[in-house]
Amino acid sequence: MRLEDLKGMGKNRIAKLQAAGICQPLDLLLRFPYKYVDLRQTYDISRLRDGDTFTVHGIITNQPKVQYIRKGLNLLKAVLDTQYGSIEVSWFNQKFLASSLARGKELYVTGKVKKFRNKVSLSSPTIFYPEGKTVMPLYRPIKGVPQRLLDESVDALLAQTSIAGYIPDMIRQSHGLLPLNTAFRQVHRPTDVQMAYDAMKTLSLERFGYSLAIFGLIKALQHGNRKYTYTAQMQKLHDAIATLPFELTDGQQKALREIVQSLHGQRNMNRLLQGDVGCGKTVVAFLVMYYAYLNGYQSVLMAPTEVLALQHYRSAIRYLEPLGVKCVFLSGSLSKKERDEVLFHIRTHAADVVIGTHALLTDDVCFSELALIVTDEQQRFGVNQRGKLESKARGADTLVMTATPIPRTLALCMYGELEQSSITVLPEGRPEIVTSIVPENKMDGMFQYAVERTK
């Protein structure tokens, strides 16, 4: 079936549909309602408040006329006689509606309440015609194509189409999902509002399942693209762990194993290490950087602020340099002489571990054999910033750390582009991290509390 086969679909209307992204009949079925109106719902009008959604059916009792308030602003008003009494409805800059509204006409509207002195009105409500429906699906309008025509086209498609899904019935039933054919019918012509949302859930999970399958196939095809191989003996890494003045938690050990396993894999590592502040992510990152050193590679750690970067550098000096690792620090506060010296060490591989701020992104920072890129507090860097650092070493493995992953990061994890390791337990003796919101009028007390806690 083509769009041309649908009744009322001429060339002009098809062109408008195509401009809206609807190029074939299936696209019409994939154009879901943005809202459902339950016509069986009743309201206690005395309890309605500004901004509440209100749906009402009534008869127009006046002859609507356009009022011109000022240049570029006009108002169309109508009064409906409803079961709740007289309700005023109005539309700004929609004078074209005047020709379709007349005294005595039956009207269904839904919109946001405006209340003044216990009088309810609706401003710019949506007009709809249920035509026997008890639950009315509302769609975003397509300019130049009447909604009634679109409704009739959807009805025709539902009558002539049977849609089969690929999720096995056993799995579908175990998760309470509808058959795909039923879901399409219920999302467009629901028997009740709950069924409409159950149908939307089914369609969303069906599509999500296809997306995961596609990403899985793509990932399975990515074999043998590793540039840097890791062959150093693991015993040397274990010996380094034994020199630490504390024991790693089970969570840290598990995260370290997962990261090293990724480094031994056939594909480049792209991994998120997440955990609350104080859980020990940095120590795990240092051990991974040491493992890169054992294999003859450079690694870099970028932090969002100089204070944090300097803190990491001092920790690296304490933990890594006794093991023979040469560490350098780069930030915008270095003098020209200091900066040139650091750049020379990076370029000639005299530096094994580089720690710094955004200063690492400048064009004059060139690495000799950068194989591992670590980004701390990755949510504070933009995609382009992280990409610029990664472009300095094609084929390098990437580890990003955060206590607060952003939605984009979570989406990458969900779709399989970013593997994840989590540290869920704080080291023994580490005080609990408490996050609180302090109102402005208690700022002085907050600072006093902080001072007393540090004594």
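The model shown is predicted, which means the values in this text are computed figures rather than measured ones.

> Outline helix α10 (residues 306-319), listing residues and values.
If you check α10, its first and last C-alpha atoms are 20 Å apart, about what 14 residues at 1.5 Å a residue would give, namely 20 Å. Check the buried side of α10 and you find it contacts α9 (281-294), β11 (298-302), β12 (327-330), β13 (353-356) and β14 (370-376).

> Quick one: what's the story with unusual backbone geometry, residue by residue and with numbers?
Even without being glycine, Asn93 reaches a positive phi, approximately 55°. Summarising the element assignment, Asn93 is placed in the loop between β5 (85-92) and β6 (106-116). Although it is not a glycine, His349 sits at a positive phi angle of roughly 65°. Within the secondary structure, His349 sits in the loop between α11 (336-347) and β13.

> Hey, could you go over the sheet that holds strand β16 (residues 419-423) for me, with residue numbers and the actual values?
Sheet architecture is open: seven strands sit in the order β12-β13-β11-β14-β15-β10-β16, paired in parallel fashion. With partners counted over all chains shown, the strands left at the sheet margins are β12 and β16, one partner each. Taking the axes of each pair of neighbouring strands and ignoring which way they run, one obtains an average angle of 20° across the sheet. Bridge count for β11 against β13 is four bridges, and the pairing is parallel. Paired with Met302 across the bridge in β13 is Gly356. α11 contacts β11, β12 and β13 of the sheet and is inclined by roughly 135° relative to β12.

> Just give me the short version of the environment of Gln18, but keep the residues and values in it.
Tracing the sequence through the fold places Gln18 in helix α1 (residues 11-19). On the basis of relative accessible area, Gln18 is assigned to the partly exposed category, the value being 41%. As for Gln18 and Leu3, which are separated by 15 residues in sequence, their C-alpha atoms are 10.0 Å apart.

Parameters and conventions
- Residues numbered from 1 in each chain as written.
- Predicted model: local features only at pLDDT ≥ 70, side-chain atom pairs only at ≥ 80, totals over all residues.
- Heavy atoms only, no water.
- Helix = DSSP H or I, 4+ residues; strand = E, 2+ residues; numbered from the N terminus.
- Expected span 1.5 Å × (residues − 1).
- Contact = heavy atoms within 4.5 Å.
- Pairing = 2+ DSSP bridges.
- Axes fitted to C-alpha atoms, helices over the stretch in contact; angles between N-to-C directions.
- Buried < 20%, exposed > 50% of the residue type's maximum accessible area, 1.4 Å probe, protein only.

No statement about biological role is implied by the geometric values presented.
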